[in-house]
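# Chains, contacts and geometry: an overview
Listed below, chain by chain, are the residues.
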Amino acid sequence: MIQSLQWRGAIIGVILVVSLFLVYPSLGPVPEFWAKHLPNNPVRLGLDLQGGLYLTLEVQSDLAVEALTDQTISEASALMKDASIRYSDVVRTSPTALSVYLKDPGQEPLFDEKVLDKLHSFKKVSSGAADKGFEIQLELDPKTVESIKQRAVRQAVDTIRNRVDQFGVAEPDVVVQGADRIVVQLPGLREDINRAIDIIKRTARLEFKLVDEKGDVAAAEKGDIPSGDELLYQLNRNPRTGVVTKSAFLVKKQILMTGDVITDAKVQPDRGGKMIIHIDLNRIGAQQFERITGEHVRERLAIILDNRVYSAPVIKDKISGGSAIIEGAFSPEEAHDLALVLRAGSLPAPVKILENRSVGPSLGDDSIRLGRNAIVLGMVLIVIGMAVYYKWSGMVANVALMMNLLLIFAVMVSPFLRATLTLPGLAGVALTIGMAIDANILIFERVREELRGGKSARAAMDTGYNKAFLTIIDTHVTNILAALPLIQFGTGPIKGFAVTLCIGLVVSLFTAFFVTRTIFDYAFQVKQIKSMSI
Amino acid sequence: MELIKPNTKIDFMGNRRYAYAFTTVMLILALASIPIKGHVRLGIDFSGGAMIQVKFNKTVDTDHIREGLKSLSENLIVQKLLGTDEFIIRMETPEEGADKLSQRVQGLLNKEFGTGSSEIRSLEMVGPKVGKDLQNAAIWATIIALGMLLVYMAFRFTFTMGLGAIFCLVHDLLIVYGFFAWTGKEFNLTILAAMLTVIGYDINDTIVVCDRIRENLKLQKKAPLIDIFNASINQTLSRTVLTSGFTMLSVVAFLALGTHILQDFAWALVIGIIFGTYSSIFVASPCVLELDRVLPVKR
């Protein structure tokens, strides 16, 4: 028995030392040797306690599918030209379907062979005579649609991760939720939150298209847009007055090149102090760019980002070497943000903000101070109450209680868990204190009953512990059962609360049973006490 | 020190008719809130909308804020946080530019009250779709929690006692719900967490009594159920009162010191603990006693 007591003492001692080591960095800055050689994970605070940003975004993956269909239109047109198939029109009839109108029905087999075969993801649904000619209806098969959508969400996550990595917050978190939602958490983000949101949700789709020099811009602005063209605008800000003016451009719909080929983007001021963005292209992009500029010398190339024209320089000569510049009337911040999104890549589809929670650092500081005070006050009241009601036994329970609190934080910062402490989590700690003390109250009430029944102190303690054991297991298990759905369904702070509660309950089983029992056994065996102060 | 004398013999079960009357009145009160108050006031977590917390460094009144922000929305709810110069402003989700909301609000406040006199401390915007999803998640979380507890109780004790415990939980949840409906306090995700905690806490209380009943049933196989129930409740009464008291101490500390979010959380717990303690004595056991006629408690 003595030996087992030593063992138990040793276990408690080790746990205490390890816990203190784990918790110490959360109490303040650690000395240098500590940071170098010892575990140094301060407790992770939730957004509500340190301020920051929480966003739920919805990837509008339907638009990614639509974009593919649009792309296929120009692909099909090019293929038909190559194969000398005469057609009158190719139109999108739904996000996933398009119709091709042939002038000569006899060319259908040729179409099947030379065009359809190469449009892998599209299947022919039907064909027959229609008003505009011989109509062939093509449709994306549902499996492809599904995989495009999934890929869009995955790509969006990667891109957003790239972007938020540059904000410099300690633990950015970007995860997929459900089929098409992305949750972005930036705890501790202290700079301009609105600018961060702008950067995250920016599609950053960069396209190079030719300006239609023959088109009539004035007529287009009235609604008469030539087919194959689209009307886009450029915003010009006067740097002195800040007045923004719009100028219209008529550009060809065909996309010559997109931003996928960008490897780097940097901001450089030009000689006049204007900001320009210098972009580097990968090998494929460099080849494409060389070919495009070679084929369209003396024409104007519009550089379009998210359907806004930034610049439309005249191509003076074939450009080789794989780099290009974007000029525009941007402020240094705008240019910096633009370069950032170009570097991080474009979103495959626009995102919509479904949920936006931001907490300023000052509120977080207040919350943590009040929460801490509330826990300390609650603890003090309970400790006094236990000491008064159960005397020395109450003090033993208080020791277990202190250890309980220490262990909760130690488990939370432990490398396996790295749980987040939230404001409701602090309340969870307070409640756990109540529950932990309940275990000891159950035991002590049993012991008192046994003592009243005339048993010796030693026997009363043994019986008390044994009889209370099952009850305490039951109460703790049921509490954990009630908290589990919260871990599953809860988000952010609520999940933090449930996790804290569960940790607290497990820890309380250990402290209320193992620790107090060991102390009592020590008192009985080593100190040879004959009666209990209870 | 002893609060409850060891040989206390209160005839809880004999007087259960008074408890029935009280329980019925409380339940009617809680349910009456639905036709009269039209449900609880759902927070933006569940209803969708925007909520902004603003701190002023001077004294302003709610009407002035409402006037200043009129251009944002006609249906603006402005609420002063007690004892502070902080305000909670609630509105439906603005149709466009929801992410620019804090800039717009700050701009309007600067114009109305002067630059630097106010600080936006937090902004929350929940779209209607997410709100609906969170509502569903909340309902499922509650149902699953109750279901798991019923299974556990049926397995560890008896099915009848499990039913009694679940009835007692539903009773407590309805009372907390009624409290929120009548006081007009906002029901949000944090309060849901509090409700589920109340479930955990109440089942705690109920299990302690059930455990004692099970033990006494084994000791006295012939004794009438009603006597065993009475004895068990009396034997655990001291613990019940103490634990409720101690837990209340830590919850009251949050009520006294917490921020407004935690204060509502603490209120839910206070009501939950009071009625949880009441119901584990006066609802769960009598319920089992009545159920025993149709679904006899196995001995």
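These lines cover the structure that appears in this document, whether it is placed above or below.

The rules we used
- Residues numbered from 1 in each chain as written.
- Chains lettered and ligands numbered in written order.
- Predicted model: local features only at pLDDT ≥ 70, side-chain atom pairs only at ≥ 80, totals over all residues.
- Heavy atoms only, no water.
- Helix = DSSP H or I, 4+ residues; strand = E, 2+ residues; numbered from the N terminus.
- Buried < 20%, exposed > 50% of the residue type's maximum accessible area, 1.4 Å probe, protein only.
- Contact = heavy atoms within 4.5 Å.
- Buried area = accessible area lost by both parts, 1.4 Å probe.
- Salt bridge = Lys/Arg side-chain N within 4 Å of Asp/Glu carboxyl O.
- Polar contact = N/O pair within 3.5 Å; in protein donor to acceptor, adjacent residues only side chain to side chain.
- Phe/Tyr/Trp six-rings, centres within 6.5 Å; stacked < 30°, edge-to-face > 60°.
- Lys NZ or Arg CZ within 6 Å of the ring centre and 35° of its normal.
- Pairing = 2+ DSSP bridges.
- Axes fitted to C-alpha atoms, helices over the stretch in contact; angles between N-to-C directions.

## Considerations on the environment of Val 208 of chain B
One can find Val 208 of chain B in helix H7 (residues 189–219). Assessed through its relative accessible area of 3%, Val 208 of chain B is described here as buried. Residues Val 208 of chain B and Arg 239 of chain B, spaced 31 residues apart in sequence, show a C-alpha to C-alpha distance of 9.1 Å. Not counting chain neighbours up to four residues away, the residues in contact with Val 208 of chain B comprise Leu 442, Thr 471 and Thr 475 of chain A together with Thr 236 and Arg 239 of chain B.

## Things to note about the environment of Ile 281 of chain B
All names here are of chain B. Within the secondary structure layout, Ile 281 lies in helix H9 (residues 260–282). Judged by its relative accessible area of 8%, Ile 281 falls in the buried class. For Ile 281 and Leu 237, which are 44 residues apart along the polypeptide, the C-alpha to C-alpha distance reads 8.9 Å. Residue contacts for Ile 281: discarding those within four places in its chain leaves Phe 12, Met 13, Ile 233, Leu 237 and Pro 286.

## Topic: the interface of chain B and chain A
Every contact between the two is made by 69 residues of chain B and, on the other side, 69 residues of chain A. Between chain B and chain A, roughly 6,000 Å² of surface is buried when both sides are summed, and carbon and sulfur atoms account for 63% of that area. Across the chain B-chain A interface, the total number found is 12 salt bridges. Across the salt bridge formed by Arg 212 of chain B and Glu 449 of chain A, the nearest N and O atoms sit 2.8 Å from each other. Summed over the shared surface of chain B and chain A, the number is 25 residue pairs in polar contact (both at pLDDT 80 or more). When residues of the side of chain B that touches chain A are traced back to their parent elements, those giving at least two are strand S2 (49–56), helix H4 (101–113), strand S5 (118–126), helix H5 (128–156), H7, helix H8 (225–257) and H9 of chain B.

## Some details on the packing of aromatic side chains
Summed over all chains, the structure comprises 21 aromatic pairs over all chains. Geometrically, the ring pair formed by Phe 12 of chain B and Phe 282 of chain B is edge-to-face, given 5.6 Å between the ring centres and 70° between the ring planes. Within this pair, whereas Phe 12 of chain B is found in the segment before helix H1 (16–37), its partner Phe 282 of chain B is found in helix H9, the two being separated by 270 residues in sequence. Grouping aromatic residues by their ring pairs yields a cluster made of Tyr 389, Tyr 390, Phe 444, Tyr 465, Phe 469, Phe 513 and Phe 520 of chain A. The ring centre of Tyr 233 of chain A lies 4.7 Å from the NZ or CZ of Lys 246 of chain A, which sits over that ring. The residue whose ring lies beneath Arg 517 of chain A is Tyr 465 of chain A, and the NZ or CZ to ring-centre distance is 5.0 Å.

## Overview of the sheet that holds strand S6 (residues 133–140) of chain A
Residues and elements named next belong to chain A. Spatially, S3-S4-S6-S5 is the arrangement adopted by the four strands of the open sheet, whose pairing is antiparallel. Each edge of the sheet is formed by a strand with only one pairing partner; in this case those strands are strand S3 (87–94) and strand S5 (122–130). If you compare each strand with its neighbour and ignore which way they point, the axes differ by 20° on average. As judged from the eight bridges shared by S5 and S6, these two strands associate in the antiparallel manner.

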